[in-house]
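Each chain is listed here by its residues.
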Amino acid sequence: MKQSVIIKGNISKGAKGVTVILDPQEPFKELKKHVAEKFRELSDFLKQSRMAVAFEGRELTLPQQQELLDVITENSEIEILYLMEENPQKERAYEQQIAAALQAEQQKTAENMFYKGTLRSGQVVESESSVVIIGDVNPGGKVVSGGNIIILGALKGVACAGITGNRQAFVVALEMKPTQIRIDNIVAKCGDVPAPKSRIRKKKTVDETPKIAVLREDNIFIENLDRETLSSLDLS
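Keep in mind it's a predicted model, so treat the numbers as computed, not measured.

Each value, and the rule that gives it
- Residues numbered from 1 in each chain as written.
- Predicted model: local features only at pLDDT ≥ 70, side-chain atom pairs only at ≥ 80, totals over all residues.
- Heavy atoms only, no water.
- Helix = DSSP H or I, 4+ residues; strand = E, 2+ residues; numbered from the N terminus.
- Buried < 20%, exposed > 50% of the residue type's maximum accessible area, 1.4 Å probe, protein only.
- Areas by Shrake-Rupley, 256 points an atom, 1.4 Å probe, with all protein chains shown as cover.
- Contact = heavy atoms within 4.5 Å.
- Pairing = 2+ DSSP bridges.
- Axes fitted to C-alpha atoms, helices over the stretch in contact; angles between N-to-C directions.
- Parallel < 35°, antiparallel > 145°, perpendicular 65-115°, else oblique.
- Left-handed = near helix turned anticlockwise from the far one by under 90°.

Quick rundown of the overall build of the chain? Include the residues and the values.
Each helix and strand counted, the chain has five helices and 15 strands in total. Across the 236 residues of the chain, 39% fall into the buried class. Total accessible area on the chain stands at roughly 14,800 Å², and carbon and sulfur atoms take up 49% of it.

Below is the structure:
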């Protein structure tokens, strides 16, 4: 029995991809159903792959190509990087573009800094990207970041986030007792930062709720790190 949809794997210059061969006579509506079935069947095999896709066997309009791409993503976990063209010159250009995009993404991920250990007085960690500290920042210690600062420990020193002009940057700490926090060009010293809105009275016991420092207008606020606070952040 003739199959209306055949899927073949291919590797072009190291780029992982699949070619979807389509029956030229099959009604497009039925063809979409067969494409969905094929990719559901192959979902466990393909997993969360990142690949290119090519269509062969029949001419497709741009809207039809987009419909089939949507069907593939809805019925599998693959991420489609680009649509390969039958024109070899265009295909090479697409491959070069996606290779450059992947390389840039890898470099961006690598630039994010992770530091494990306690930052003591006089020690400084600096990065143009976001910084994650796995440990404490003691008084006299300092973290400087062009992005966000996340401290999986106590912040008792200085944290400077978004120093390249990122006003959406934030500082998170499991225990927030900074001597100074800076976001963009706004600086707040210990005692200047408003307490979390949920705090009704001062407690003698240690507040173990994680905190986040954010910049709103020209003021730095420290609030409890909860779902409501996270939903209000601009994480784009």
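Kindly report on the environment of serine 4, identifying the contributing residues and their values.
Checked against the element boundaries, serine 4 lands in the segment before β1 (5–12). For serine 4, a relative accessible area of 10% corresponds to the buried category. Separated by 30 residues in the primary sequence, serine 4 and histidine 34 have C-alpha atoms spaced 7.2 Å apart. Those residues within four positions of serine 4 in sequence are excluded, and the remaining contacts are Ile21, Leu22, Asp23, Glu26, Leu31 and His34.

Explain the sheet that holds strand β8 (residues 142–145) residue by residue, including any values.
The mixed open sheet is built from five strands, whose spatial order is β6-β8-β10-β12-β13. A single partner strand is all that each edge strand has here, and the edge strands are β6 (124–127) and β13 (186–189). Taking each pair of neighbouring strands and ignoring which way they run, the sheet shows an average axis angle of 5°. In the sheet, strand β10 (residues 158–161) pairs with strand β12 (residues 180–183) via four bridges, with the strands oriented parallel. Directly across from alanine 161, in β12, lies its bridge partner isoleucine 183.

Report on the packing of helix α1 (residues 28–41) against helix α3 (residues 62–74), specifying residues and quantitative values.
Contact geometry of α1 with α3 gives a least axis separation of 9 Å together with a crossing angle of 30°. Relative to α3, the element α1 is oriented roughly parallel. Taken as a pair, α1 and α3 cross one another with a handedness that is right-handed. Contact residues: α1 offers Phe28, Lys32, Val35, Ala36 and Phe39, while α3 offers Gln64, Glu67, Leu68, Val71 and Ile72.

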